[in-house]
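Understanding the architecture of this molecule
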Amino acid sequence: MTDRRGAALPLVLLLVALLGTLAGLTLLGSRIRSLAGERSLDHVRAAAHAHGGIQQALGTWAALAADTLPVGAGMALAPSVRPGLQSTDSILRLGQTLYLVRSASERVRADGSLLARAGIGYLLQLVRPALPESAAVTSAGPVTLQGRALASGYDSLPAASWAAGC
């Protein structure tokens, strides 16, 4: 017979070491997935801030300023700053009615180090409405009709007051 005394202790210690290593690797994997999720959330926040910058630029766009911008020139817009987020927005005139509106957003830590960056651009073509030139009333300001006055958009001659062919 062989002597088996003392063999259990090294096996138990080996098993405890293996289980400890497995638990440590599980915790490490969880931490890595948690950090990846935080980075993904930072990228989504930066992209959402860039989209918001574009929408804000379109909502506050001064059409007159865009029309006076020479072709090929750009104009920086007011930067949008939120806690932990900052963006740089601009409008570039590419053609007579073609514009590029860009927004670049960054997610930063409190110390200023960069966490994520996202950018988006919209290519816009402004189409001016074509208004018909024949109108019942053409005015540069407000029009007030008093008494029995009537404005109609139909082509017709008043039956009583104007001669045919006027």
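Reference entry: report on the structure contained in this document.

Definitions and limits used
- Residues numbered from 1 in each chain as written.
- Predicted model: local features only at pLDDT ≥ 70, side-chain atom pairs only at ≥ 80, totals over all residues.
- Heavy atoms only, no water.
- Pairing = 2+ DSSP bridges.
- Helix = DSSP H or I, 4+ residues; strand = E, 2+ residues; numbered from the N terminus.
- Salt bridge = Lys/Arg side-chain N within 4 Å of Asp/Glu carboxyl O.
- Buried < 20%, exposed > 50% of the residue type's maximum accessible area, 1.4 Å probe, protein only.

**So, the pairing of strand E5 (residues 114–125)**
Judged from the 11 bridges that link them, strand E4 (residues 98–108) and E5 form a sheet pairing that is antiparallel. Bridging across to E5, Arg 107 finds its partner in Ala 116. The antiparallel pairing of E4 with E5 creates a hairpin that spans five residues between the two strands, and Gly 112 there sits at a positive phi of about 95 degrees.

**A word on the pattern of salt bridges**
Evaluated as defined, the whole model comprises three salt bridges. Of the charged contacts, one joins Arg 39 and Asp 42 as a salt bridge, the two residues approaching to 3.0 Å between their closest N and O atoms. Of this pair, Arg 39 and Asp 42 both sit in helix H1 (residues 8–59), three residues apart, roughly one helical turn. Overall, Arg 39 belongs to the partly exposed group, its relative accessible area being 28%. Between Asp 42 and Arg 107 there is a salt bridge, with its nearest N and O atoms 3.1 Å apart. Taken as a pair, Asp 42 in helix H1 and Arg 107 in strand E4 lie far apart in primary sequence, 65 residues in all. Residue Asp 42 is classed as buried on the basis of its relative accessible area of 4%. Here the residues in one salt-bridge network are Arg 39, Asp 42 and Arg 107, joined through shared partners.

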